[in-house]
Amino acid sequence: MKEVRIGLIGSPNSGKSTIFNKLTGAYQIVGNWPGKTVETVERAVESKGRHFLLIDFPGTQTLTPTSTDEEIAMEYMIENSPDVIIQVASAIDLERSIYLSLELIELGIPILVALNQFDEAIKQGFEIDVEKLSEILGVPVIPTVAIKGEGIDKLVEKAFELVHSKSKGKMITDEDIRPQINNVMSVIKGFLPDRYPSEWFALKLFEEDPWVARKIAELDAEKRLKGVLEEEKASIKKSTGMHPSLLIVNKRRSIAERIANEVRKTKPVSRSKFIETLDSLSTSSYGYPLLAVVMATVFVATLGLGLLLRDTISYLFLGLSGYFAFNIANPLLSAILSGAQLSLLVGLSFIIPVVFSFHFFFSLLDDSGYLPRAAFLIDKAMRRIGLNGKAFIPLLLGYGCNVPACVTCRILEGDKPRFVTALMITLIPCASRMIIIYGLIAIYIGMVTALAIYLFNLFVVLLIGMIVGRSVDLRCESTGLVMVLPPYRVPVIKNALRKTWSRAKDFVYLAMPIIIIGTVFLKMLEIAGIMGHLNALFNPLFVGIFGLPGYVLSFLLFGAIRKEFALVFLMTTLNGNPLSYLSPTQIIVFTLITLFYIPCVATTVTLIRELRLRKTLMIIGINLLIAIIVGFSASVILPLFS
Amino acid sequence: MNIALTHLDEGKVAVIKEMDLDNHIKKRLMALGLLPNSRLKVLRIAPLKGAILMDVGGYPLAISHDLAEKILVRELE
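Residue numbers restart at each chain and count upward from 1, following the sequence in its written direction. Just so you know, chain letters begin at A and ligand numbers begin at 1, following the order they were written in. A pLDDT threshold of at least 70 governs which residues receive local features in this predicted model, and a stricter bar of 80 or more applies before side-chain atom pairs are shown or counted, although totals over entire chains, interfaces and linings include all residues. Values reported for side chains reflect all heavy atoms of the structure, with hydrogen atoms and water molecules removed beforehand.

1. Considerations on the overall build of chain B
Condition: Helix and strand definitions here come from DSSP, where helices need a minimum of 4 consecutive H or I residues and strands a minimum of 2 consecutive E residues; each element is numbered from the N-terminal end. A radius of gyration in this sense is built from C-alpha atoms; the matching globule rule multiplies 2.2 Å by the number of residues raised to 0.38. Here's how the labels work: a residue is buried when its accessible area is under 20% of the maximum for its type, exposed when over 50%, partly exposed in between, all with a 1.4 Å probe on protein chains only. It only takes one pair of heavy atoms within 4.5 Å for two residues to be counted as in contact. Each accessible area value is a Shrake-Rupley result obtained with a 1.4 Å probe; residue values ignore everything except the protein chains displayed when judging cover.
Secondary structure assignment for chain B yields two helices and six strands. Each helix (α) and strand (β) of chain B, taken in turn from the N terminus, gives the series β-β-α-β-β-β-α-β. For 77 residues, the compact-globule estimate of 2.2 N^0.38 gives 11 Å, and chain B sits close to it at 11 Å. With respect to the three principal axes, the spread of C-alpha positions in chain B is 25 × 25 × 25 Å. In chain B, buried positions account for 53% of the 77 residues. Restricting the contact set of chain B to residue pairs at least 6 apart, pairs at least 24 apart contribute 60%. If you sum the accessible surface of chain B, you get close to 3,400 Å²; carbon and sulfur atoms cover 48% of it.

2. Section: the overall build of chain A
In plain terms, the rule: The charged-residue count follows a simple rule in which Lys and Arg add positive charge and Asp and Glu add negative charge, with His and chain termini not counted at all. Here the site of a charge means atom NZ of a Lys, CZ of an Arg, CG of an Asp or CD of a Glu.
Along the backbone of chain A there are 26 helices and seven strands. The C-alpha extent of chain A, read off along each of the three principal axes, is 90 × 55 × 50 Å. Every one of the 642 residues in chain A was classed for burial, and the buried ones make up 56%. When contacts within chain A are restricted to residue pairs at least 6 apart in sequence, long-range pairs at least 24 apart make up 77% of them. Surface summary for chain A: the accessible area is close to 26,600 Å², and the carbon and sulfur share equals 64%. Here chain A contributes 63 positive and 55 negative side-chain charges, whose respective centroids are spaced 4 Å apart.

3. Things to note about the packing of helix α23 (residues 552-561) of chain A against helix α25 (residues 584-596) of chain A
All names here are of chain A. So the rule is basically this: An axis is simply a line fitted to the C-alpha atoms; with a helix, the fit covers only the stretch in contact. Between two such axes, the angle follows the N-to-C directions and lies from 0 to 180 degrees. Put simply, angles under 35 degrees are roughly parallel, angles over 145 are roughly antiparallel, angles from 65 to 115 are roughly perpendicular, and the rest are oblique. In this scheme the crossing of two helices becomes right-handed for a clockwise turn of the near helix relative to the far one and left-handed for an anticlockwise turn of less than a right angle. For this classification, Asp, Glu, Lys and Arg are treated as charged, while Ala, Val, Leu, Ile, Met, Phe, Trp, Tyr, Cys and Pro are nonpolar and the rest, including Gly, are polar.
Contact geometry of α23 with α25 gives a least axis separation of 11 Å together with a crossing angle of 30°. What the angle tells us is that α23 and α25 run roughly parallel. Once α23 is placed against α25, the crossing between them reads as right-handed. Along its contact with α23, which presents Val552, Phe555 and Leu556, the element α25 presents Phe590, Ile593 and Thr594. Residues belonging to the contact of α23 with α25 are distributed by class as follows: five nonpolar, one polar and no charged.

4. Some words on the interface of chain B and chain A
Basically, it comes down to this: Put simply, buried area is the surface a 1.4 Å probe can reach on two separate parts but cannot reach once they are joined, added for both. Salt bridges are counted wherever a side-chain nitrogen of Lys or Arg sits within 4 Å of a carboxyl oxygen of Asp or Glu.
In this assembly, 32 residues from chain B lie in contact with 41 residues from chain A. Taken over both partners, the interface formed by chain B and chain A buries close to 3,100 Å², and the fraction arising from carbon and sulfur atoms is 59%. Three residues, Lys27(B), Arg28(B) and Tyr59(B), lead the burial of chain B against chain A; their summed loss comes to 24% of the area buried on that side. One can count one salt bridge joining chain B with chain A. Of the charged contacts in the structure, one is a salt bridge between Arg383(A) and Asp66(B), with a shortest N-O distance of 2.3 Å.

5. A word on the sheet that holds strand β1 (residues 5-10) of chain A
All names here are of chain A. Counted only if it meets this: By definition, two strands form a pair when at least two bridges between them are found by DSSP.
Pairing in this open sheet of six strands is mixed, and the strands run β2-β3-β1-β4-β5-β6 from one edge to the other. A single partner strand is all that each edge strand has here, and the edge strands are β2 (41-47) and β6 (141-143). Strand after strand, the sheet turns through a mean of 25° between neighbouring axes, direction not considered. With six bridges joining them, strand β4 (residues 84-90) and strand β5 (residues 111-116) adopt parallel strand pairing. Bridged to alanine 89 within β5 is leucine 115.

6. Some details on the pairing of strand β6 (residues 71-76) of chain B
Residues and elements named next belong to chain B. Bridging between strand β1 (residues 3-4) and β6 involves two bridges; their strand directions are antiparallel. Counterpart to isoleucine 3 in the pairing with β6 is valine 73. Relative to β6, strand β2 (residues 13-19) runs antiparallel, the two sharing six bridges. The residue bridging isoleucine 16 from the neighbouring strand is valine 73, located in β6.

7. A look at the sheet that holds strand β7 (residues 482-484) of chain A
Read across the open sheet, the seven strands follow the order β7(A)-β5(B)-β4(B)-β3(B)-β2(B)-β6(B)-β1(B); overall the sheet is antiparallel. The open sheet has two free edges, formed respectively by β7 of chain A together with β1 of chain B, since each of these has just one partner strand. Across four bridges, strand β3 (residues 39-45) of chain B lies against strand β4 (residues 52-56) of chain B in antiparallel orientation. Bridged to Arg44(B) within β4(B) is Leu53(B).

8. Concerning unusual backbone geometry
In this structure, Glu208(A) takes a positive phi of about 60° despite not being glycine. With respect to the element layout, Glu208(A) can be found in the loop between α8 (198-206) and α9 (210-218). For Lys49(B), which is not a glycine, the phi torsion comes out positive at approximately 55°. Tracing the backbone through its elements, the reader meets Lys49(B) in the loop between β3 and β4. Classification of Lys49(B) by relative accessible area gives exposed; the value is 55%.

9. Some remarks on a nonpolar patch on the surface
What counts is decided by this rule: Here a patch means residues that are over 30% exposed by relative accessible area and free of salt bridges, tied together within 9 Å if like-charged and within 5 Å if nonpolar (Val, Leu, Ile, Met, Phe, Trp, Tyr).
The grouping of Phe456(A), Phe459(A), Leu463(A), Met466(A) and Ile467(A) at the surface amounts to a nonpolar patch, some 450 Å² of accessible area in total. Here Leu463(A) falls in the partly exposed class, since its relative accessible area comes to 40%.

10. Thoughts on helix α10 (residues 222-240) of chain A
Residues and elements named next belong to chain A. Let me state the cut-off plainly: Multiplying one less than the number of residues by 1.5 Å gives the expected span of a helix.
When the terminal C-alpha atoms of α10 are compared, their 26 Å separation across 19 residues agrees well with the 27 Å that a helix rising 1.5 Å per residue should span. Those residues of α10 that sit buried are Leu225, Val228, Leu229, Glu232, Lys233 and Ile236. Those residues of α10 that are buried lie in contact with α7 (178-188), α8, α9 and α11 (244-263).

Written out as structure tokens, the structure reads:
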């Protein structure tokens, strides 16, 4: 028997990822900003004895795609149409939810609506007549509270009923233009493969959807269609006085508003005074200092908590290692063992504290709904570069990890904005680079210098964005910001901890083993005398340009795998005491180079996938160039101040 | 008299009259509730000709200044 395929679609912030997680038991990142899911994910699910494939689509407000993630969602839905679509709709955003329901019904696939956040709607004073909504749309509507798991079982049950009954809603968007649609449809049926919904194609042709237009061109049917389409469009324009594409959108929205008003009995009561004040404060001119304070707090809290955790961890570790004191005569074996021990200490006391505390604080921020407010404030500055406020979200994610940040660039409209944003992201110090700033600067130089390095980095990121943005003529391709702001929510500590673990676990599982093996490897190179040769080879170059000893090259090479390795191997090679080998200036220069010099392997792979090889090479080239300029300038300028 | 949306002060309510924008972006705005003759309320204008935050049908929607400039509205008293 063919496996049942159930699609999960919904607008950002509707709670779609939460339902996905409940059904799969997996963990997709849930956050309070538009565009968490930017890829289509399929997963085999078993729920109460039922087996099916669950397809998670990127969050989308409408099926009229304007950005890559939305287009991916739509294309996937047409090309691999699921048996049933579950639309996760927000009960507190009824108009927009119904708009998407209408579009999904047009597709001709059986759908059911999960009216989520139902408890929040009740709390806000909405009273929604679920049965009436279901009756008007002609599809099942089930109230759910995803975070508590309410209604999820019923959702699956209903979805399976639909797979068998194949009952669909009826298209109502077309009421005024039915004859025109029928005329175009009869032509389309002549060439369109059966698996495509012809009625939907006809409607989308009037709507001037670029994806459908491309599909028609692929089928080599433009000529056959052109005459009749132009004629019918003209007839619509004549009878309604409106451009057909605008007429359809207008109609759909008006119907959605009408239905919403029909099924919703009461208007919302006002929100809590505190949230109201916070909302109005965070979008006012006071929002800028607030943004600075929020960001600085996240970094200072991370570094502070990091220092605290580090002391505790290294105290415990040193206490424990007393029991395992080795007394081994063989120098090779003893080097290996001490290398392993040292790397474990460095890994535990540098990486774990920073990564975990950063992701914890960032998750709280992420869940609160603050980020879109910041995007609103920052829109003007982003427009200067030629981007819009939305680009702020991937950029900010870059401080956590560059990889998901680069993938999130899909929420942006246009190739050039995506390229420039991705370039800027690679320059942003991710959590791995934060470990370096923490381990070298915050500990050995000082907290003020650490913050100064963040500010300097931000300056470089904006400057490069400006220069490259101008040179690729970003403005012509970039559209302005259009963004729905999600409501503020009080972050839940448990969710933040879960999210922290899912974002930080790679450092434990992936990085730690490599660090231990790599350290032992470097120790062996040292014993074999190969390090000396490497030094001799690269000394002139590094001393000449950056005033750094040649052996730092090996740290940088490891750093290209994962950035924090640059710090870890520096620490283990210099026996955990960099100040006795390097001057403060050298430490700062080294840190600055690691911030900029190259995207790590994972980021590079992601960039190639998202932007292709040519643009990736351009980004790497620009990174190297910046690292050389910044490193050289710092090595010349810094000694003047010391 | 119709004026650009950017000329409204914070707190003002207006009715949308015209949108001098590409159909592509116009469709997106309409889908989000900015229909001809629909009401909006300006909540915030970010400083230095920044983005506009408005209430459309009970929900906050933010748009860039350069888009808002092309939207003509009639202010309601």
